[in-house]
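# Residue-level structural notes
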Amino acid sequence: MSIAFTFPGQGSQSVGMGKALAEAFPEARAVFEEVDDALGQALSRVMWEGPEDELTLTANAQPALMAVSLAAMRVLEARGLDLRSSVAYVAGHSLGEYSALAAAGSIGLADTARLLRTRGKAMQEAVPVGEGAMAALLGLDFDAASEVAAAAAQGDVCEAANDNAPGQVVVSGHRAAVERALELAKEKGARRALLLPVSAPFHCSLMKPAADVMADALNATEIAAPAVPLVANVLARPIVDPDEIRNRLIEQVTGRVRWRESVAWLAENGVTTIVEIGSGKALTGMAKRIDKSLEAIAVGGAEDIDALLSRIATE
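Quick summary incoming for the structure in this document. (Residues numbered from 1 in each chain as written. Predicted model: local features only at pLDDT ≥ 70, side-chain atom pairs only at ≥ 80, totals over all residues. Heavy atoms only, no water.)

This part covers the overall build of the protein. A tally of helices and strands in the protein yields 15 helices and ten strands. Taken over C-alpha atoms, the radius of gyration comes to 19 Å for the protein, in line with the 20 Å a tight globule of 315 residues would show. Structurally, the protein occupies a C-alpha span of about 55 × 45 × 35 Å along its principal axes. A buried classification covers 57% of the 315 residues belonging to the protein. Pairs at least 24 residues apart make up 74% of the contacts formed inside the protein by residues separated by at least 6 positions. Looking at the protein as shown, the accessible area adds up to about 12,200 Å², and 48% of this sits on carbon and sulfur atoms. Positive and negative side-chain charges of the protein, numbering 28 and 41 respectively, have mean locations separated by a distance of 3 Å. (Helix = DSSP H or I, 4+ residues; strand = E, 2+ residues; numbered from the N terminus. Rg over C-alpha atoms; globule rule 2.2 N^0.38 Å. Buried < 20%, exposed > 50% of the residue type's maximum accessible area, 1.4 Å probe, protein only. Contact = heavy atoms within 4.5 Å. Areas by Shrake-Rupley, 256 points an atom, 1.4 Å probe, with all protein chains shown as cover. Lys, Arg positive; Asp, Glu negative; His and termini not counted. Charge placed at Lys NZ, Arg CZ, Asp CG, Glu CD.)

With 85 residues, the main nonpolar core has F5, V35, M47, M73, L76, M207 and I277 as its most contacted residues. Sorting elements by how many residues they give to this core places helix α5 (residues 58-78) first, with eleven residues. Not counting residues up to four positions away in its chain, the partners in contact with V35 are L43, M66, A67, L109 and A113. In this structure, A160, V169, V171 and A177 belong to the second largest nonpolar core, which totals 22 residues. (Core = buried A, V, L, I, M, F, W, Y, C linked by side-chain atoms within 4.5 Å.)

Within this structure, the stated rule accounts for two aromatic pairs. Ring geometry for F32 and W48: centres 5.2 Å apart, planes at 80°, overall edge-to-face. Remark: W48 occurs in helix α3 (residues 43-49) and F32 occurs in helix α2 (residues 26-39); sequence separation between them is 16 residues. Residue classification places F32 among the buried positions, given a relative accessible area of 2%. Overall, W48 belongs to the partly exposed group, its relative accessible area being 23%. Ring geometry for Y89 against W265: centres 5.1 Å apart, planes inclined by 85°, an arrangement best described as edge-to-face. Linking Y89 in strand β2 (residues 89-92) with W265 in helix α13 (residues 259-268), this pair joins segments that are 176 residues apart in sequence. W265 carries the same exposure label as Y89, and that label is buried. (Phe/Tyr/Trp six-rings, centres within 6.5 Å; stacked < 30°, edge-to-face > 60°.)

Here it is as structure tokens:
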């Protein structure tokens, strides 16, 4: 069994996430306390009590999802997991790339929380509310979805932002262009085409102001080589050099999340098991659609942690 750990992105948040981990494990509690301290905010209270609309704010959701992933990681490590000897690669979906790097010791926990708070605010502020949108085009392959985006642009921005899985592509850009893409996608035979409930058009060229903010923030942050290679969103291949990691994180703000290609690369290079660490099971479902030979496991609760450790111990 060759394992890759993956870390979820925005959309996987839910009120109550991480609370059971914090109640059961002191290592998890320590993560939430450190994130709260780093942000000067009781983010854990928002995570556990809501309200949901406050948790869903990009500037809250991004560090919150990372905190849940890292809490699960710290519990695994306290119970004997050695990332370097047990895991071949790490990868994360959009903000999950920061969780992956924190899990692999590349960026410190407090720094990661602050970076994600900065990233969330910068992405939110890059485009005035209501001017941008994102839409999921279901049932079209990536090339067809890219053609739809290009045809819908008509002088505006409309770009393929997330290549998530076969037949699941997200486009991003100006609202009018994205709405045109919905109609064009249906004409091209999309099974479904729907606007997503997001607050900004992520992973497209409209995010350039946020990329500039993140360049400054990342250049002021210490980044070390990760314990295991990171399969980068914008490359769909592994990297370990700290300077390249920094550059790819900046590029990632406007760049496409090449998740389908990333998971396919893992499968082609010996990975047999994808383990999703943190809230939800979105990446688990995607992995099974990308390559049916992969085993995919979600680890978010105490019972998941015990089951994973038992499996690794018997390999």
